[in-house]
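# An overview of the molecular structure
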Amino acid sequence: MYRDKVGQLVASPLVTVVDDGTMTGEWGAIGIDDEGHPTQSNTLIENGVLTDYMWDYIRARREGRRQSGNGRRQSYADLPMVRMTNTFVTAGKEDPEDIIRATERGVYVAKLGGGQVDTASGDFVFGMVEAYLIENGEITEPLREGNLIGNGPQVLKDIDLLGNDFAMGGPGTCGKDGQGVPVGDGCPTLRVKSMTIGGTAA
Amino acid sequence: MTIGVPELQEIADRVVAAAKPGEQIEAYVSRGGETAIRVYEGEVEHFVSAQSEGVGIRVIRDGRTGFAYAGTLDPSAIAEVLADARDNVAFGTPDEFAGLATPDGVEQIPQKFWDEELANYPTPDKIVLTKELERLTLGMDSRVRVEESNYDDGWGEVAVSTTTGIRESGRGNSCYVSVSTLADDAEETQTGFGYSVGDSPKEFDLTRAAREAAERATRLLGASKPPSKRTTVVLDPFVTSQFLGVLSSTLNGENVAKGRSLFADRLGDTVADPRITLVDDPTNPLAYTATDIDGEGLAARRNVLIEGGVLKKFVQSSYSARRMSTSSTGNATRGGFASTPGVGCLAMQLVPGTKTQTELIADVDDGVLIQMVSGLHSGVNPISGDFSTGASGMLIRNGALGEPVREFTIASTLQKMLLDIVAIGGDVDWLPSRAAGLSLVIRDVTMSGQ
């Protein structure tokens, strides 16, 4: 999906995305990756522009790039793959209260559950565990469980307000090809212009 | 079991023979191996050959359970595992229902699980098959790229012995090929997959796997978001299988006993359209997960869970059955020597109707054929029954397929969906899953798109 797109605008200019395995104390911190290479902070998207990918040894060598310390494996019984560590969207400038106030009609998602992502198309689905309706700039009633569905690259482009309240999320496990590795993620309060919400009250 | 494994049975028997008065002991001994081959652009990219073995021991004393396991069959390690399991009993919480299964007189139905041809199949020939699958897939459509072509096989031997009189052992092997695809069109990339399973590689249908992988990736190119409305959905057999998988947790005796099923206290009630009869039948050799014994060593059996729309039975292990004052239905599940038994459906199947998918679609004026769902396990709550999942497929207009649609959700509740089933296909597909697939038509589902 992001093949051959380094240097191109792939997200809203507000968005900077970093993968950083050196964040001591975070769930995805690894120090040294599972191929023996030191981990580091890698900026993947800077002000909306794709700057780099993550690399393990074999793929970096094949493409003539430098390893980025992202070769990870679940255990001795698994082969290394390119995997994230702590991935996050850096803080913006807005007060989160102002973001809600600036939203006439929307949904405030307080907690997402599990989900699924198609990495080729970027289509994703996440369950909303806790969500509320926003009406005329105020959080009003809670919503029952439903799904949030969208396309990752499109959502990155549709981010129009970014809060100054950056926080890392809870400990996570990223599963890929049957291998699970501990990861961290983080972001500030952010607003996406448009997304589809599934439920029975359409 | 059909073919015993005396060597492992003796190991299990020796552990059980060490039981002291007042102790129940179960020894679960297994060993197995697997081969995994991945081909990319005509070359082997990844080759894994692995073996493992181990023992898991449960000790129950005064209602307290202790469990320990080790990944070795070395006799001194097994003695240590038994000592650890006994030690762990002291940390267990007393549970009046704790205990092992007791032979219940139900006869096993013999099936064939071991294929000698697969056991002797040469590795170079497995690689040839994997390359052939990649080549066939690329030949299906010029827009299709192959992400990876895979061959996987595995074999396993198991023995279980208990102080309560269970003494079973057996072995089995299986293999499958799979291919994942990408299809490109202008700015858009879609994914697909195809697979084939068989008792031996001779039974693979590589052409079907290649065709399905190419079709799944290409059929969504150019798909749009459908409008939001209430509509009729036709579930593809693959999707129905996943739907049954979600339903299975509501029919699980342990969930019922713990108040985590929406069907608790509803035995004897009409919970589905009268056309619906749902069975769990691991004795059917066509089922991918067919077995002759369950995870505790009791004979596997056919259980009718919903009959003519009426809820008849929950699946039980010996433990959940004791909690609910009933008998085990032979539905203990087990993840291997490193885990204790759970409860679950083993091989679900809806009793099929007679129509083909095309005939079912011809009866739908306005609806959508659901070919893929995603996020099913995050959007479904088996306690409340709330159901919401991402989906893609094709619109149906006046009984015929229309344009492809994606990036929308379908939602209802499990309770309502079962009652809203309006037709059941005859197109049974024995998928590599715990539930067989067939086409299913459900009315009044909320579609959220634009």
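First, a word on scope: everything that follows refers to the structure included in this document. (Residues numbered from 1 in each chain as written. Chains lettered and ligands numbered in written order. Predicted model: local features only at pLDDT ≥ 70, side-chain atom pairs only at ≥ 80, totals over all residues. Heavy atoms only, no water.)

Take the sheet that holds strand β2 (residues 43-61) of chain B next. Note on sheets: strands pair through backbone hydrogen bonds, and any given pair is parallel or antiparallel. Residues and elements named next belong to chain B. Taken in spatial order, the six strands make up an open sheet running β3-β2-β1-β4-β5-β6, and their pairing is antiparallel. Of all strands in the sheet, those bounded by a partner on one side alone are β3 (64-70) and β6 (188-198). The mean inter-strand angle of the sheet, taken between neighbouring strand axes irrespective of direction, is 20°. Examined bridge by bridge, strand β4 (residues 144-162) and strand β5 (residues 167-185) share 17 bridges and lie antiparallel to one another. Each bridged residue has a counterpart across the sheet, and for Val 160 the counterpart in β5 is Glu 168. (Pairing = 2+ DSSP bridges. Helix = DSSP H or I, 4+ residues; strand = E, 2+ residues; numbered from the N terminus. Axes fitted to C-alpha atoms, helices over the stretch in contact; angles between N-to-C directions.)

A separate point is helix α1 (residues 6-17) of chain B. Taking 1.5 Å per residue as the helical rise, α1(B) with its 12 residues ought to reach 16 Å, and the 16 Å between its terminal C-alpha atoms agrees with that figure. Those residues of α1(B) that are buried are in contact with β1 (24-40), β2, α2 (75-89), β4 and β5 of chain B. (Expected span 1.5 Å × (residues − 1). Contact = heavy atoms within 4.5 Å.)

Once that is clear, we can look at the pattern of salt bridges. Residue and element names in this part refer to chain B. Enumeration over the complete set of coordinates arrives at 40 salt bridges over all chains. In this structure, the salt-bridge partner of Glu 157 is Arg 31, at a minimum N-O distance of 2.6 Å. Taken as a pair, Glu 157 in strand β4 and Arg 31 in strand β1 lie far apart in primary sequence, 126 residues in all. You can call Glu 157 buried: its relative accessible area is 10%. Taking the shortest distance from any N to any O, the salt bridge between Arg 38 and Glu 148 comes out at 3.8 Å. Of this pair, Arg 38 sits in strand β1 while Glu 148 sits in strand β4, placing them 110 residues apart in sequence. Each member of the pair, Arg 38 together with Glu 148, is buried. (Salt bridge = Lys/Arg side-chain N within 4 Å of Asp/Glu carboxyl O. Buried < 20%, exposed > 50% of the residue type's maximum accessible area, 1.4 Å probe, protein only.)

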